[in-house]
Structures are given as C-alpha cells and as structure tokens.
Amino acid sequence: MITIHAGKTAAKIINEQGFKPELFTSFLGASGGPKWFTLFGLDRYIFGEFFKNRTQPLNLIGSSAGAFRCACFAQNDPVAAIERLAKSYSQTRYSSNKPTPSEITIKARTLLEEVFGDKGVSEIINNPVFKAHFIVAKSNGFIASENKLIQLLGLSKSYMLNRVSRKLLSSQYERFIFGAPNSNLSITDSYNFKTQNIALSQTNLKDALLASGSIPLVMQGIKNIAGSPQGMYRDGGIIDYHFDLKINNPGLILYPHFNSDPKAGWFDKNLKRKVAPQNYDNVVMISPSKKFIASLPYGKIPDRNDFTDLDADTRIKYWNTVFSETEKLAEAFDKNLTSQIKLKSFIE
C-alpha cells in the first residue's frame, strides 16, 4: 500500500534505532492541490497517533496545499482541523467549470474561515510544539500583474529561464517563509533564492497562507501582506514545489508525499531535472504505492483537472472514495512501525 524511502543518513538511523517519532524534528508538506487527498489517512494517523504525545518542537514546513495542511497540524486538534480542510476543499462548488480567479479566491477565503474557526489562528501562533511555516513566492515584474496576458508573458519567461537554469528564476521570485514566532528553522538553498523570514501574527497569517496557495492565472495574488515588504505574493510552489533545499536543523525530516519523485519547483514538473541527493540525506518519504493508486477510481490520484473534467457531484463522490481508501495507507504505515523493515536510500 505504501512505499517508504529514505536518504542515506535517515535510512541508517531508522534501521539502527527504529521508526521513532522523537527522531524527527521537521515535517514537509508539498504543493499539489487536491493531490494531497491521497495522504488524508496518513495525515490523520501521523498527527492523531504517531506524534500524539510529542513535547519537543517539530517544524512544519509547507508550500501551497502543504502549507494548508501544516496550518491544520499546528491547531490544538490537528485531526479535526485536517478533516475540516478535506471536507471544505473537496465539497467546493463553483458557478461554472471555468470560474474566475476572483471567485476561486473568495471561495478560498471562505475555506480558511471554516478551517480556522474562532481560535485557529491563535492556536497556530501559540503552539509550543508544532511550529508552522508557510512558503510564499514574492513575484516581481510581469508576474506581479493581475492582467492575465501580462502574467502569462511573465510565466513564459519563467519557463524559459528555468529550462536554462533554476537559479535564473531568482530574478523574478523571492522566497518568503512566514513562520511561527521564535522559530529556529534554518535552511540553505544552493540556488540562492533571496529568502526572508517573517513571523506569523494575527494580522498576516490568513493572507500568508492564502498567498502560499495562490496559483498564478488561477487565483488572485495577495498584495502587501502585513509585516512584509510591499508587493505581490503568490503560490510558494513556484519556487518550492516539492523542495530542493537543505534544512539545517538536526534530526530527521518526515515527508509524506503523493509520489516518490520530487521536483524542486513548479516549472520543473515536466523536466528530468533531479533534486540534489544531499538535500534528502536525512529525509524519510512515505508515498502511496503504484498498486494503491491504480486501485483508486479512474486509476489516479485527484488533481485540479477534476474540477473541469467531472461534474461536481461525480467529483465529490470520487474524492470521498479516495478519503476512505487512504485509511488503508494509515494501517499499512502502522504495521511498518512494528515490523522493523530495512529502509534503503532512494536518491543516489
């Protein structure tokens, strides 16, 4: 049902000491929209059971959909929060199969209200154990425009620059990490994107999270987030789609992901470019197996195309089936914790 891969150091530690929650000091949540539905059962198990009695800080680092998940895990009842997110996201209905960026953004703000309730923001900011971090891409030049044609020109430039070298994207995008107050998160990026850390607060948390999921052309960007430099902020997955950066904090990194072939940035999705092995040296990645994915309706995991390819009732039924099926992944992970399996390094 699941595949578990690990970097060289992570595999050695797990094989010697066992799959213990205290070995992990960071958690990664990738971009990917509804693809994260495939991880729903694992998310509920990891934060409802595996990390249930944790007392030491755990850095939660996410971009886009991964940031939304991290916002749930840092609330006082992470299981209830991730269930609210899954329900609200999956049951979203639009006025047509081609909704405007304005309508999608309005629906996303409504989703945030449902996920957070009255106390969610305060719980995230004040959580002493689960420390949320949302990655956002400050977008400069044509990408900052809300005019679709101008924005498309900017994205086309990004695509071409990225094909030459990922480093060239730094002329258009800056990485902002909106993190828990007193966060000790430290990263190193060999691609040298300008990176700034901003403390989450009552006045910027919702906008920062919404910006982290604001897909270009699909949603409106978020302007002038409180406590940050003025400008346009968009989807964190543009820079950090599945991550290719080094987390300097000691300890292992737990990374539930919908596949075992991570791509650095949004523009790398269709490229053969690999992430740097050294950045995954202390990562343990849990993914649904190919056999499990083939067993799902339509033989695939959910994605944003389902909004246009399926009518709302069919889509919601399909996604609810996926939620139920992912309980099998949680059961498989639980069995692996006690079976003393030997992990192998997956990125050479």
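Note: the structure precedes this text.
Residues numbered from 1 in each chain as written. Predicted model: local features only at pLDDT ≥ 70, side-chain atom pairs only at ≥ 80, totals over all residues. Heavy atoms only, no water.

(A) Inspection of the overall build of the protein chain at higher detail. Within the protein chain one finds twelve helices and twelve strands. Based on the C-alpha atoms only, the size of the protein chain along its principal axes is roughly 55 × 45 × 40 Å. Looking at the protein chain as a whole, 56% of its 348 residues are labelled buried. Considering only contacts in the protein chain between residues 6 or more positions apart, those separated by 24 or more positions represent 77%. Carbon and sulfur atoms make up 51% of the accessible area of the protein chain, which amounts to about 15,000 Å² in all. Between the centroid of the 43 positive side chains of the protein chain and the centroid of its 31 negative side chains there is a distance of 5 Å. (Helix = DSSP H or I, 4+ residues; strand = E, 2+ residues; numbered from the N terminus. Buried < 20%, exposed > 50% of the residue type's maximum accessible area, 1.4 Å probe, protein only. Contact = heavy atoms within 4.5 Å. Areas by Shrake-Rupley, 256 points an atom, 1.4 Å probe, with all protein chains shown as cover. Lys, Arg positive; Asp, Glu negative; His and termini not counted. Charge placed at Lys NZ, Arg CZ, Asp CG, Glu CD.)

(B) Inspection of the layout of surface pockets at higher detail. The space that makes up the largest pocket amounts to roughly 1,100 Å³. As for the largest pocket, its lining consists of 45 residues, and the residues nearest its centre are Tyr89, Ile215, Val218, Arg304 and Phe307. Residue assignment for the lining of the largest pocket shows that the elements contributing at least two residues are helix H3 (65-73), helix H4 (78-90), helix H5 (101-116), helix H10 (306-309) and helix H11 (312-325). A per-class count over the lining of the largest pocket returns 22 nonpolar, twelve polar and eleven charged. Approximately 310 Å³ is the volume attributed to the second largest pocket. Every residue lining the second largest pocket is counted, 15 residues in all, and those nearest its centre are Phe258, Asn259, Lys290, Ile293 and Ile301. Those elements that place two or more of their residues in the lining of the second largest pocket are strand E1 (2-6), strand E12 (283-288) and helix H9 (290-295). Partitioned by chemical class, the residues of the lining of the second largest pocket number four nonpolar, six polar and five charged. (1 Å grid on protein atoms, 1.4 Å probe; cavity = no way out; pocket = protein on both sides within 12 Å on 5 of 7 lines; lining within 4 Å. Points joined across faces, edges and corners; volume = space filled by probe spheres on them. Nonpolar A, V, L, I, M, F, W, Y, C, P; charged D, E, K, R; others polar.)

(C) Structural view of empty space enclosed by the protein. Inspection of every chain in the model, using the stated rule, returns two cavities of 30 Å³ or more. The space that makes up the largest cavity amounts to roughly 40 Å³. Every residue lining the largest cavity is listed: Leu28, Phe243, Asp244, Leu245, Ile247, Ile253, Asn279, Tyr280 and Val283. In terms of residue class, the lining of the largest cavity is built from seven nonpolar, one polar and one charged. Together, Ala30, Ser31, Gly32, Trp36, Leu39, Arg69, Pro256, His257 and Phe258 line the second largest cavity.

(D) Geometry of the packing of H3 against helix H8 (residues 205-212). Running from amino to carboxyl end, H3 crosses H8 at an angle of 145°, the nearest separation of the two axes being 7 Å. On H8, the residues touching Ala67, Phe68 and Ala71 of H3 are Leu209, Leu210 and Ser212. Here the residues of the contact of H3 with H8 are counted per class, giving five nonpolar, one polar and no charged. (Axes fitted to C-alpha atoms, helices over the stretch in contact; angles between N-to-C directions.)

(E) Molecular detail of the pattern of salt bridges. Inspection of every chain in the model, using the stated rule, returns 16 salt bridges. As a salt-bridge pair, Arg93 and Asp313 come within 2.7 Å of each other at their nearest N and O atoms. On the criterion of sequence distance, the pair formed by Arg93 in the loop between H4 and H5 and Asp313 in helix H11 is long-range, its members being 220 residues apart. Its relative accessible area of 42% is what places Arg93 among the partly exposed residues. A residue is classified by how much of its surface remains accessible, and Asp313, at 52% relative accessible area, is exposed. Asp268 is the partner of Arg273 in a salt bridge, and the nearest nitrogen-oxygen pair spans 2.7 Å. Take Arg273: its relative accessible area is 23%, and that puts it in the partly exposed class. Residues joined by salt bridges that share partners form a network here, namely Arg44, Glu83 and Glu327. (Salt bridge = Lys/Arg side-chain N within 4 Å of Asp/Glu carboxyl O.)

(F) Representation of the nonpolar core in the model. If you look at the biggest cluster of nonpolar residues, it comprises 82 residues, and the most contacted ones within it are Phe24, Leu254 and Phe333. Looking at this core element by element, the count peaks at seven residues for H3. Setting aside its immediate chain neighbours within four residues, Leu254 contacts Phe19, Phe24, Ser26, Phe27, Leu28, Ile46, Phe50, Phe51, Val284 and Ile286. With 16 residues, the next largest nonpolar core counts Leu28, Ile253, Tyr255 and Val275 among its residues. (Core = buried A, V, L, I, M, F, W, Y, C linked by side-chain atoms within 4.5 Å.)

Purely geometric stuff here, so don't read any function into it on its own.
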